[in-house]
Structure formats: C-alpha cells, structure tokens
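Working through the structure, step by step
Listed below, chain by chain, are the residues.
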Amino acid sequence: MNRFRALMVVLLLTAQMTVAASAAPDLSTLTDAGQTDVLNAPLVLWSELNDGSILTVTEEGNVSLNTLSNAGILSLQWSVMLDAEANKARVDDAQELITVAHQTGVYVVQMSTQTVYRNLSTPDPVNDAVYDQEGNLWLMYSAGKRRADRYDATGFTGASSTTIQSGISAFEILKDGRIAIASYDKKIYVHSSEGVLIQTLTDPNAIVSTLFSLDNGTMLAGTTGGTVYAYATDSWTVATQALGHTKQTTYLGHTNGYVVVGAKQGKVSFLDETNFTLVENFEASGEIIGVSMAFNGPFYAAGNTLESTKIRYFDLDSDGDTVNDRNDAFPNDPTQRADTDEDGYGDNPDGNQADAFPNDGTQWEDADEDGYGDNVAGNNPDVFPNNPDQWSDADGDGYGDNSNGEDGDVFPTESSQWSDNDRDGYGDNPDGFKPDACPSVNAFSSADRYGCPDSDLDGYSNPDENWTVEDGADALPSNPTQWLDGDGDGFGDAADGQEPDACPWEFGTSRKAVRVDANATKGYVAVPSFGCLDEDGDGWVDRTESTKMEEDATEHFDGDADGVGSNEDYDDTRPFIQTEQDHCLNEKNDTSEACLGWNNPAYQAYLKSLEEGETTLGFFAWNTSLQDPAGSDAALSVDDEILSQVITVGLVAFVSLTAVILAAAYVINKRKVATTTKEYGGINPLLSSNASKEALEGRGGLSAAGGVISDASWDDDIAQLNFDESEPDGFADMDLVSDSEPAEAISVTYEEESIEAIAGMPASVTKATVAEAPGQTMPDQAPPLPEGGLPEGWTMDQWRWYGHEWLAKYGKN
C-alpha cells in the first residue's frame, strides 16, 4: 500500500515537471563554471531524486543521501555502509528501494528506514539488479551464467532469460515489463517478462554499453563508438544519432525535454527528445556517471576517475560576457563580471561603475589617483584628496607623510618638525623636538647637541669656535669610546672606554703600572694604567715604582731593594748580587765562560791590558790562544776547504786505525801461542789437558809436557820482543806515537799485551800490569840489571820474572 502511494506521488510530480519543462531551456548560453566538489571514491550511482537531493553509491558499497548546495558541494544527510565491492546500483521508480549488485550477491536498501531491506547471496558476481513492475527482482550476470534470473520475495522463481553466449554488456527492463539484454556481439536480445526471447536487434554497429527506457515507449542504446540508437518499442523502428566523438557511452538519462548522454573523458551530449537530434556537446571530467539539470538549463555532471568522482558545473551566461551567471557578479552587465571586495563596484576599471579599489570593500573612488580612496570613512582615506603626492598626515601638522612629495613632512610622526634641509634626521625648527644645531651640515651628533659633526661617532660633537669642550663638545674627538677628559691629559674619563684615565683627578702621562707578583718571573707584572703621574717619563706610574725608581727613566722595579733596578741588576732577588762579577765571585761552582773569566786573575789582567779598539777575546778563546799562540788567530776561523780536508784525513785515519787494530789482534793471538809454548815447554796446553792442569796447580813439567827445553823455543818470542835496540820496532813505521812526547816502555801482561801498547800509544794512556802465571809465585828478588840499565821496553815486574833468561841469552854481549 505504501509502495502504491509513493508511486502515485512520483507520477504526479512527473506530470508537473513535464508541464513545467515543456519548453526545453536554451543550452547555447551555458559555459563551464568549473569543478565544484570532489568525492574521494568512484561512484556506481549518481541519481537526482524528486526532492532535488542526490543519491550516491560508491564502489565500496557506501549508500548516501546528500543535498547539493548552490555552490555545488554535496552535504551528507545519511549513509548505509554495505562493505561490498559494488558493480552497479539502481533506485526503483518509487524512489524507495535501492539495489546494489556486487561480487557475491545483491543488497536492497530501504530509503525510508535507511536499513538493508534484503540481502541475496549468489555464487557468481551479480553485475546488475533491477525491479520490474511486478515487484520481482531480476539479477543479471555478465559472465559465468551470462543471463538474467528472476527472484520474488521467496527466492529464485526459476524464470531466466536465454543464455547470451557472447556475454552481457548492458541490461534494462522496459516500462511494459519486457527485458532487453545487450551483448558483446553488438546485438540486443529482447525477452518477455517471463524471460523468453522474442526479438533480436542487430542495428548497432558497435557494442551496446548502456540501455535506458523512457516513459514514452522509447528505448535508448548507447554504444562504445559514440553513437546512440532510439528504438520505438512498439515497432522496433530505430533512429540513429552520432555524438560527434567516439567515446564509450557510460550514462543515459532524460530531463527537461532532452536525452542526456554521458561518455568517457567527460563527454556530455544533449539530444532533442522529439526529433532525436544533437543540440549541444559539453566536456566535463572523468567517466560520466550522472547528470543533474535545473529547469532553466544549468547542470552538474558527475564523472569518475580511478580514485575519485569530480563534480563539474555548467551555468548560463545571461549578459553574454563569456562568464556564466554563477561566476558573474554582474550577470546583467556585460562590462563587469567580478566584484572581489563585494562593494557593488566592478573590478574592471574600464567597465561601468568601476572599482578603483577592487580588493577593499570600503573604498572605490580615487579622484587624484594617488591610490588612496576618497571615502573618509573607509580604509586608508585620502587626507589630501586633491594632492596626488599626499594622502596621510600621521602627526596632524598639515604636512603630508610622503616626505618626497609636495608639502611633504620629513618627520611624519613628529608634529613639531617637518623640514630637514641637510637631511641628517634633525629638524630645522629650533623650537621643535631635537632641533638641528648645525642645520646646514649633514652630521649626526646626538649627545651634547644635535646634527653637528662627530668624527668618532660617539654621539658627542667635535668642538668648534662656537661650541667648546667646556660647552660639552667631545674632548677626544678621535676616540669613539671617550669624550670627557677632566684633567686634560689626553686620557678619557670613561672607565669602560679605550685607555681610560686611572687618575682622572690629575694630569699624567703614564700608560702602565707595576703590580708585585711573587709568582711572576720578574717578580712583578705590568698592568694598564693611563693618565697617572710619571715624572721620569718612562711610562710607569710613579707611585707604583720601587723606591727611587720613579726618578730613573730606565728602571721601574727593584725586587731586592738594593737600589739597583731590575733592568740593570744581575740578580734582583739578592741584594748583594748586582753585577755579573758579584755573581761569579760568589758562585764558584758556575763554570760558565763568563765566571771562569772573572775568577781567572790572568784573564782579568789580560782584559786590563787591552788597548782601545783592540779585539777582545772571550775566556775560552783567550785560553786557547795561550796554548797555541801562533795558531790562535787561525783557530778562530775555519774555512770550508780545510774542514773538507780534515774530514777526509779523519776518514782515512779511521780506516787505517781499524786495520791496525785487526792486525794487532792477530799479533796478540800469535804471542799468546808463543807464551804458552814458552811456559809449557813447547806443548800447546789446548792440545794437552795434563799440561794445562799441572800449570794451574804449580807443578808444570811432571807429565813431561811443557817447560823450556831448548833455546829454540825462544826464537820466535825473542824476535817478537825485539830486545835488540838497534833494530827498529815492528810498529815504528806506523807512526802512531806522537813525536812531541816519547812513549814509555810497553808493559806486557802474562796473558796478553794491551791493544794500546801494541799500537804504540803513549805510556800515560796505558796502565798494564803484570799478571802472575797461574800456580807460580813472582821471585822475591830481581836479577842484577845490565850495565845499560833496564832494557828498553821492559818493566821491573817483567825483569823479575824473565830477567835471568835475558841475561842468559844476551848478557855476554
């Protein structure tokens, strides 16, 4: 019963709309007014209901009822979330039930209760679901079953369309209950209300993507190639209309005497309903899913993109200025179209009622065209409406704030000043604020007087004949940190300035003061102290100098109070040490050249003996000259050639000495063998363990090995000792002994001779001792000496041991 009543209301409203829209609006004046809103999901349904509200269903199955504002923005009224992957949605003729076909069945939402009215589940995806005039629900399967099945309130009725082998591309139930199914084979299969195939239409030359049934018995078929077919369903005669493009049809509708065709890429076409001819084409955005048109022509077009739905508006242009009425602030004035500040004056300066201030709603006229409005009650009014150079007077002195213009005020915020001829920032009015004391000089003093020269920029002006230091001028015009000098000594009185006067009450020239500091190297540190008394002119404050040092310009500190300043005092920590001589005579352990000289009477006598202009030798040089008077001068200087020769000779001597040492080592080894042969009787102790042992025990010879057996055993040894004075020493040709000092006799040890003795080094260098043979005792008395005395090269120890053998061999000679 409720469904019947709703249907009657719809029919009445439709009849009224038909009468109101009998005269189709003129579309030629429509222009693109731009995008008005964006939804964050693609839609499967956009439908304008009888009350003007917009019903939408998204691909996620969100069913919403919205209002569309004058600005073209959707406002949500209510929504039902189905959480389904929707393929298509429709609203029945009574605008009460919404079918949502999805991947696993169909939802039916009741608008009056805003709830799910019915939920059908199917094993195959459902691509469309439509109620027929009997209240049965037809489910269409594009693939899989490739047919349409009829359901009543209890379920599947068993009635189905024929199976469309090529698949189903579009589906529609005509107003008389018949069923039209379009296929990918470019044909339309018409079935009875029971699903029996009764007609096949083969007119389309492309795949039919959309079907739509009109109330007047016409069926529309839109194709993928930009062509629309209009069939009279009573005779199936057809009218064809190309749309002027080749885009796939995505929407078919009817409004205000027009057939509306939406296609991909935002194409919207209007066809005359009567003669089925193309009237206008428009271009919106995306894949058109719905169009909502006002009775006088303006319309909204909703187009899907991959992730959103864009709403675009097309509006009238009543005054023909190419700006549609929605965007035209002056829809009936072709010379004006915008009024940014909404003050009723147009933004076009060349149009009617032009606004001189299009962004200021309080101003619109500017007589002197200086950019400031003449409305005194508006923003930034022009105080000088007839003076294009001036417009404001902040301080109210009658001079405009534009200092560079006519009657300009150089001091726009100071009413007592307005002129500044020298442009230094100080006014020329002597009775005004901060008057310029030097009005013809561009200067910047600001402390003692204004606008006069200030060389150091400290704010105090330079003194001149009319303004002296006594008047307040800068006493130190070259020092930016000082300006007062009460005592006139050239040091400023500002304690935090440069070179501040430490004694501002007295004239002084000091620059530093002595501060005693026991931890300092000199016993004091110097601290800055300017402008205090300094009578000796040494720069030090007299009152800080040591006693009597204030009278000596070369001294200022006397740490040991001995009357000698630290500059002259050799040691200012000990009062009895004032000179170097005092130090050296008191410090006998100081072996420096200076002290050696002071402590050497001969050197002091030498110094006193020098004539004026004669070269003074230092102590070391003087001492060297005494040892080699002839070469003293030469010793003072060495040229590079001599130095090179000395290095060369030194290298040669080093190599020679190395060779001598190696040869001496060889000779020593030979002598050791001869010595053991002499002691053990020609038997090498290294070859006889018995002889070695007996020799160590003091019983040599018991084993019949060792001892002196014959003179033959001494031959080599005697020759090596070279007792014959007439024969030259075997090492004499090496010239290793200094000619200036004769060498002492070479001492011989029992075990071995020293390298120095063998090499002929002086006796003073060698201190060889006679070693006792193991197990033997030195004789108590030495043999009598020969007439010539001790043989050359022998010592008394050697003579006590071996003298009797020498006498035995050479005594008779």
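Basis of the calculations
- Residues numbered from 1 in each chain as written.
- Predicted model: local features only at pLDDT ≥ 70, side-chain atom pairs only at ≥ 80, totals over all residues.
- Heavy atoms only, no water.
- Disulfide = S-S within 2.5 Å.
- Helix = DSSP H or I, 4+ residues; strand = E, 2+ residues; numbered from the N terminus.
- Buried < 20%, exposed > 50% of the residue type's maximum accessible area, 1.4 Å probe, protein only.
- Phe/Tyr/Trp six-rings, centres within 6.5 Å; stacked < 30°, edge-to-face > 60°.
- Lys NZ or Arg CZ within 6 Å of the ring centre and 35° of its normal.
- Pairing = 2+ DSSP bridges.
- Core = buried A, V, L, I, M, F, W, Y, C linked by side-chain atoms within 4.5 Å.
- Contact = heavy atoms within 4.5 Å.
- Salt bridge = Lys/Arg side-chain N within 4 Å of Asp/Glu carboxyl O.
- Expected span 1.5 Å × (residues − 1).
- Bend = angle between axes of the 7 residues up to and from the residue.

Here the structure, examined in full by the defined rule, presents 3 disulfides. Each sulfur in the disulfide pair Cys503 and Cys532 lies 1.8 Å from the other. Here Cys503 and Cys532 share a disulfide; its torsion about the S-S bond, 85°, makes the bridge right-handed. One end of the pair, Cys503, is in the loop between strand S28 (309-315) and strand S29 (512-516); the other, Cys532, is in the loop between strand S30 (524-528) and helix H2 (580-586), with 29 residues separating them in the sequence. Classification of Cys503 by relative accessible area gives buried; the value is 4%.

Applying the stated criterion across every chain yields a total of 26 aromatic pairs. Measuring from ring centre to ring centre gives 5.8 Å for Tyr258 and Phe270, while their planes differ by 80°; the resulting arrangement is edge-to-face. Of the two residues, Tyr258 sits in strand S23 (residues 258-263) while Phe270 sits in strand S24 (residues 267-272), which places them 12 residues apart along the sequence. Look at Tyr258 and you get buried, because its relative accessible area is 5%. A ring pair is formed by Trp794 and Trp799, whose centres lie 5.8 Å apart and whose planes are at 75°; its orientation type is edge-to-face. One exposure class covers both Trp794 and Trp799, and it is buried. Three or more aromatic residues joined by ring pairs form one cluster here, namely Tyr258, Phe270, Phe282, Phe299 and Phe314. Sitting over the face of the ring of Tyr313, Arg326 holds its NZ or CZ atom 3.7 Å from the ring centroid.

With respect to burial, strand S2 (residues 43-48) is a largely interior element, 5 of its 6 residues being buried. Pairing analysis gives 5 bridges linking S2 to strand S3 (residues 54-58), with the strands arranged antiparallel. Bridge pairing in S3 links Trp46 to Thr56. If you look at the hairpin formed by S2 and S3, you'll find 5 residues sitting between the two strands, and Gly52 has a positive phi there, around 90°.

Let us look at the nonpolar core. Leu55, Val57, Val63, Leu82, Ile98, Val100 and Met111 are the most contacted members of the largest nonpolar core, which has 18 residues in total. Of all the secondary-structure elements, those providing two or more residues to this core are S2, S3, strand S4 (62-68), strand S5 (74-81), strand S6 (86-91), strand S7 (97-102) and strand S8 (105-110). Apart from residues lying up to four places away in sequence, Val63 is in contact with Leu55, Thr56, Val57, Trp78, Ser79, Val80, Leu82, Ile98, Val100 and Val109. Tyr251, Ala284, Val291 and Phe314 belong to the second largest nonpolar core, which has 16 residues in total.

One pass over the full model with this rule turns up 14 salt bridges. Asp176 serves as the salt-bridge partner of Arg178, at 2.8 Å between the closest nitrogen and oxygen. The exposure class assigned to Arg178 is buried, which follows from its relative accessible area of 17%. With a shortest N-O distance of 2.9 Å, Arg574 and Asp571 are connected by a salt bridge. Using a relative accessible area of 23% as the deciding quantity, one classes Arg574 as partly exposed.

A separate point is helix H11 (residues 796-810). In a regular helix each residue adds 1.5 Å, so 15 residues correspond to 21 Å; H11 covers only 18 Å between its end C-alpha atoms and thus falls short of that length. The largest bend along H11 measures about 70° and falls at Tyr802. Here H11 has its buried residues at Gln798, Trp799, Trp801, Gly803 and Trp806.

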